[in-house]
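Here's the letter readout for the chains.
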Amino acid sequence: MSRILITGAAGFLGSHLCDRYIKEGFKVVGMDNLITGDLKNIEHLMKLENFEFYHHDVSKYVHVPGELNYILHFASPASPIDYLKIPIQTLKVSSLGTHNLLGLALAKKARILVASTSEVYGDPLVHPQTEDYWGNVNPVGPRGVYDEAKRFQEAITMAYHTYHGLETRIVRIFNTYGPRMRLNDGRVLPAFIGQALRGEDLTIFGNGSQTRSFCYVDDLVEGIHRLLMSNESQPVNIGNPSEITIADFAEEIIKLTGTKQKVIYKDLPVDDPKQRQPDITRARSILGWEPKVTRQEGLKITYDYFRNLPNEELFKDHKDFGKK
Ligand code: UDP
């Protein structure tokens, strides 16, 4: 029976990965420092014999007793508001944290997959983004703490692969959505749905002409699983190429929720990428993977999740975040 360590286990993606590997019949070790994660996301796993949880910050030395076959490193703040509030932790988890986990992988002879991001392409000058594009990143801008830490993560992961012969995998994740996203983390999808549910106007940053390409979480998890089980040590984009402007996306949310509210415009955040769309040729050819869930289907499931949350969740704000 395989044993897998998943960092960021109580987060949005981490918790879905825990579910997947429990279903695959693995022994799952979850780890999270709970700064942005929430135990509610994995509460249903706690009683299972094949699941154990460590409350730990991977930026500090990581000790896991026993055998490990796989490591998935998914611990990191992942929304622009988060990394503005906790920039140092954001830098540390993907640099020091990744170093610790690579060391652990080496000691355990485990295969490690690290969660990278389309943010390594920055505000891209190539469209759609292929894996061989080196990116356009401002190291000292507000997103620099995330983007550069993730770029360092890729570099050190590749170094462990070439120098130590470690089995490594790098997934570049594009915008992903689904149940268990934090309602108030500032990301556009929970922001719009939360606003619709509270009867507020939808806030478009800039003029809404910037684009994103949204992937439903189940598709992403399938792509990650296929990459983990493949022989590919080069980075692989996983995302949904269906691209949409933020203005059109707001219209889709207005239609979906039936809200009578309108859109209002706010300042565009510094260094906000103008366009983003994954080129998934590599994932298609190496992994035989492509997304299956349409935005219409995925948004409906996600909206049902958010509207069934207890009312107090809707009005919880972001202010205490990061002080834990
Ligand atoms: N955005 C917006 N209104 C919001 C939140 C975000 O218009 O209330 C925009 C944001 O400026 C960006 C896009 O939506 O252009 C996606 O933002 P998000 O924070 O979800 O992720 P990003 O892809 O920028 O990391």
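Quick summary incoming for the structure in this document. (Residues numbered from 1 in each chain as written. Predicted model: local features only at pLDDT ≥ 70, side-chain atom pairs only at ≥ 80, totals over all residues. Heavy atoms only, no water.)

**Considering the site of the ligand**
Inference 1: The environment of the ligand is made up of 18 residues, and the closest members are T203, F205, R212, D272 and R276.
Inference 2: Contact between the ligand and R143: an oxygen atom at 2.9 Å from a side-chain N or O atom of the residue.
Inference 3: A distance of 2.9 Å separates an oxygen atom of the ligand from a polar atom in the side chain of N175.
Inference 4: Surface burial for the ligand is 97%, taken as the share of its 520 Å² of free accessible area covered by protein chains. (Near = heavy atom within 4 Å. Polar contact = N/O pair within 3.5 Å; in protein donor to acceptor, adjacent residues only side chain to side chain. Areas by Shrake-Rupley, 256 points an atom, 1.4 Å probe, with all protein chains shown as cover.)

**Some thoughts on helix α4 (residues 96-108)**
Inference 1: If you check α4, its first and last C-alpha atoms are 18 Å apart, about what 13 residues at 1.5 Å a residue would give, namely 18 Å.
Inference 2: Inspection of α4 places G97, T98, N100, L101, L102, L104 and A105 among the buried residues, and these make up the whole buried set.
Inference 3: Of the surrounding elements, those touching the buried residues of α4 are β1 (3-7), β4 (70-73), α3 (87-94), β5 (111-117), α5 (144-164) and β6 (168-173). (Helix = DSSP H or I, 4+ residues; strand = E, 2+ residues; numbered from the N terminus. Expected span 1.5 Å × (residues − 1). Buried < 20%, exposed > 50% of the residue type's maximum accessible area, 1.4 Å probe, protein only. Contact = heavy atoms within 4.5 Å.)

**Structural notes on the sheet that holds strand β3 (residues 51-55)**
Inference 1: Spatial strand order, β3-β2-β1-β4-β5-β6-β11: seven strands in an open sheet with parallel pairing. Looking at strand neighbours, the two that pair on one side only are β3 and β11 (236-238), the edges of this open sheet. On average, each strand axis in the sheet is inclined to that of its neighbour by 20°, with strand direction left out of account.
Inference 2: Of the strand pairs in this sheet, strand β2 (residues 27-32) and β3 are connected by five bridges, and their pairing is parallel. Bridging from a neighbouring strand, M31 pairs with Y54 of β3.
Inference 3: Sitting on the sheet, α4 is in contact with β1, β4, β5 and β6, with an inclination near 175° to β4.
Inference 4: Across the face of the sheet, helix α7 (residues 217-229) comes into contact with β1, β4, β5, β6 and β11 while running at roughly 160° to β6. (Pairing = 2+ DSSP bridges. Axes fitted to C-alpha atoms, helices over the stretch in contact; angles between N-to-C directions.)

**So, the pairing of β1**
Inference 1: Where burial is concerned, most of β1 is hidden: five out of the five residues are buried.
Inference 2: Judged by which residues are buried, β1 turns out to be covered on both faces: R3, L5 and T7 on one side and I4 and I6 on the other are all buried.
Inference 3: Here five bridges tie β1 to β2, and the two strands are oriented parallel to one another. Note that in β2 the partner of I6 across the bridge is G30.
Inference 4: Taken together, β1, helix α1 (residues 12-23) and β2 constitute a β-α-β crossover, and its handedness is right-handed.
Inference 5: Where β1 lies against β4, four bridges are found, and the strand directions are parallel. (Right-handed = clockwise from strand over helix to strand, strands pointing away.)

**A short note on the side chain of R3**
Inference 1: Relative to the helices and strands, R3 resides in strand β1.
Inference 2: Only 3.0 Å separates the side chain of R3 from the backbone oxygen of P65, close enough to count as a polar contact.
Inference 3: Side-chain polar atoms of R3 contact the backbone oxygen of E67, separated by 2.7 Å.
Inference 4: With residues near it in sequence (within four places) discarded, R3 still touches K27, V29, E52, V64, P65, G66, E67, L68, N69 and Y70.

**Focus: the packing of helix α8 (residues 246-257) against helix α10 (residues 295-307)**
Inference 1: With their axes 11 Å apart at the nearest point, α8 and α10 run at an angle of 55° to one another. Considered as vectors, α8 and α10 are oriented oblique to each other. For α8 against α10, the interelement crossing comes out right-handed. Judged by residue contacts, F249, E252, I253, L256 and T257 of α8 engage R295, L299, K300 and Y303 from α10.
Inference 2: When its residues are assigned to classes, the contact of α8 with α10 shows five nonpolar, one polar and three charged. (Parallel < 35°, antiparallel > 145°, perpendicular 65-115°, else oblique. Left-handed = near helix turned anticlockwise from the far one by under 90°. Nonpolar A, V, L, I, M, F, W, Y, C, P; charged D, E, K, R; others polar.)

**Some thoughts on the nonpolar core**
Inference 1: Ranked by internal contacts, the top residues of the largest apolar core, which has 57 residues, are I4, Y21, V28, L72 and F74.
Inference 2: In contact with F74, not counting residues within four places along its chain, are T7, G8, L13, L17, L113, A115, V171, I173 and I224.
Inference 3: In this structure, L102, A105, A110 and V114 belong to the second largest nonpolar core, which totals 21 residues. (Core = buried A, V, L, I, M, F, W, Y, C linked by side-chain atoms within 4.5 Å.)

**A look at the packing of aromatic side chains**
Inference 1: On inspection of all chains with the given rule, the structure shows nine aromatic pairs.
Inference 2: Note on F26 and Y70: the rings are 5.9 Å apart at their centroids and 35° apart in plane angle, and the pair reads as tilted. Of this pair, F26 sits in the loop between α1 and β2 while Y70 sits in strand β4, placing them 44 residues apart in sequence. With respect to class, F26 is no different from Y70; both count as buried.
Inference 3: Here the aromatic rings of Y83 and Y146 are separated by 4.4 Å at their centres, their planes lie at 5°, and the arrangement is stacked. With Y83 in helix α2 (residues 80-85) and Y146 in helix α5, this pair connects stretches of sequence that are 63 residues apart.
Inference 4: Connected via pairs of aromatic rings, a cluster forms that spans Y21, F26 and Y70. (Phe/Tyr/Trp six-rings, centres within 6.5 Å; stacked < 30°, edge-to-face > 60°.)

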